[in-house]
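Letter by letter, the chains look like this.
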Amino acid sequence: MRSFARSVADTVSEEGVSTFSRVADGGAFLGRMKVDNLMLVAEDDEAIRGVIELKEGRHLAMLFVAPDYQRKGVGKRLLSAALDHARVNTVTVRASLSSVPAYKKYGFECTGEVGESAGLTYQPMALQRDRLLLSAD
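As for the pattern of salt bridges
Consideration 1: For the coordinates displayed, the defined rule picks out two salt bridges.
Consideration 2: Salt-bridge contacts for arginine 58 lead to glutamate 56; the nearest nitrogen and oxygen are separated by 2.8 Å.
Consideration 3: Look at arginine 58 and you get partly exposed, because its relative accessible area is 35%.
Consideration 4: In this structure glutamate 56 comes out as partly exposed when scored by relative accessible area, which is 34%.

Here it is as structure tokens:
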């Protein structure tokens, strides 16, 4: 939530903040883990520093890194680990507008017009796994 509050919350409506709060709730995570969603975390000193969610082996539903750990390779390692579990060559994401530059550094490309769902504004993007660029932090 700290990462969302720092980088995304001020770019979305109150509805978007409420939507994300429900999605990021521990119970919601647990519910999605019981279906075809892979959740991976990066830990340091027994504290979670980053999280990534891969839905149905094809769609990144979430990638967040704690503010103090950004630009230190945590996101890169999480993405690489999640892609090891992808079941398709083209992995998609609905990127928050503030995260588009980071996804582009990883090799994702915009695939459509900016959209909005439940108050969250996003840019559809896709990555061909054979074009993965892990030079971004």
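There's more to say after this.
Observations regarding the pairing of strand 3 (residues 59–65)
Regular strands have side chains that alternate between both faces of the sheet.
Consideration 1: Counting buried positions over the seven residues of strand 3 gives six, a clear majority of the element.
Consideration 2: Here strand 2 (residues 47–55) runs beside strand 3; their pairing, made up of six bridges, is antiparallel. Following the sheet pairing, valine 51 is matched in strand 3 by phenylalanine 64.
Consideration 3: As consecutive antiparallel partners, strand 2 and strand 3 are separated by three residues, and within that stretch glutamate 56 has a phi angle of approximately 55°, a positive value.
Consideration 4: Where strand 3 meets strand 4 (residues 90–96), two bridges bridge the pair, whose relative direction is parallel. Bridge pairing in strand 4 links leucine 60 to valine 93.

Description of the confidence of the model for the protein
Consideration 1: Of all residues in the protein, 74% have pLDDT values of 70 or greater, and the mean over the chain is 82.
Consideration 2: Within the protein, no element has a lower average pLDDT than helix 1 (residues 2–7), which sits at 60, and none a higher one than strand 5 (residues 109–110), at 96.

Describing a negative patch on the surface
Consideration 1: Together, Glu43, Asp44, Asp45 and Glu46 line one region of the surface with negative charge.
Consideration 2: When you line up the elements, glutamate 46 lands in the loop between strand 1 (37–44) and strand 2.

A closer look at the packing of aromatic side chains
Geometry of an aromatic ring pair is reported as the spacing of the ring centres plus the angle between the planes.
Consideration 1: All chains considered together, the criterion is met by one aromatic pair.
Consideration 2: On the numbers, 5.1 Å between centres and 75° between planes, the contact of tyrosine 103 with phenylalanine 108 is edge-to-face. With respect to class, tyrosine 103 is no different from phenylalanine 108; both count as buried.
Consideration 3: Taking NZ or CZ as reference, lysine 72 lies 5.6 Å from the ring centre of tyrosine 69, over its face.

Brief notes about the nonpolar core
Consideration 1: Formed by 21 residues in total, the largest nonpolar core has its most connected members in Ile52, Leu60, Leu79, Val93, Tyr103, Phe108 and Met125.
Consideration 2: For this core, the secondary structure elements donating two or more residues are strand 2, strand 3, helix 4 (74–83), strand 4, helix 5 (100–105) and strand 7 (120–128).
Consideration 3: By residue number, the principal contributor to this core is helix 4, which donates five residues.
Consideration 4: Here phenylalanine 108 is in contact with Leu60, Leu79, Val91, Val93, Tyr103, Met125, Ala126 and Leu127, once residues within four sequence places are set aside.

Section: the pairing of strand 1
Consideration 1: The pairing of strand 1 with strand 2 spans eight bridges and is classified as antiparallel. In the sheet register, leucine 38 faces strand 2, and the bridge partner there is leucine 54.
Consideration 2: Counting the residues between successive antiparallel strands, the hairpin from strand 1 to strand 2 contains two residues, one of them, aspartate 45, with a positive phi of roughly 55°.

Thresholds applied
- Residues numbered from 1 in each chain as written.
- Predicted model: local features only at pLDDT ≥ 70, side-chain atom pairs only at ≥ 80, totals over all residues.
- Heavy atoms only, no water.
- Salt bridge = Lys/Arg side-chain N within 4 Å of Asp/Glu carboxyl O.
- Buried < 20%, exposed > 50% of the residue type's maximum accessible area, 1.4 Å probe, protein only.
- Helix = DSSP H or I, 4+ residues; strand = E, 2+ residues; numbered from the N terminus.
- Pairing = 2+ DSSP bridges.
- pLDDT = per-residue confidence, 0-100.
- Patch = residues over 30% accessible without salt bridge, like charges linked within 9 Å, V, L, I, M, F, W, Y side chains within 5 Å.
- Areas by Shrake-Rupley, 256 points an atom, 1.4 Å probe, with all protein chains shown as cover.
- Lys, Arg positive; Asp, Glu negative; His and termini not counted.
- Charge placed at Lys NZ, Arg CZ, Asp CG, Glu CD.
- Phe/Tyr/Trp six-rings, centres within 6.5 Å; stacked < 30°, edge-to-face > 60°.
- Lys NZ or Arg CZ within 6 Å of the ring centre and 35° of its normal.
- Core = buried A, V, L, I, M, F, W, Y, C linked by side-chain atoms within 4.5 Å.
- Contact = heavy atoms within 4.5 Å.

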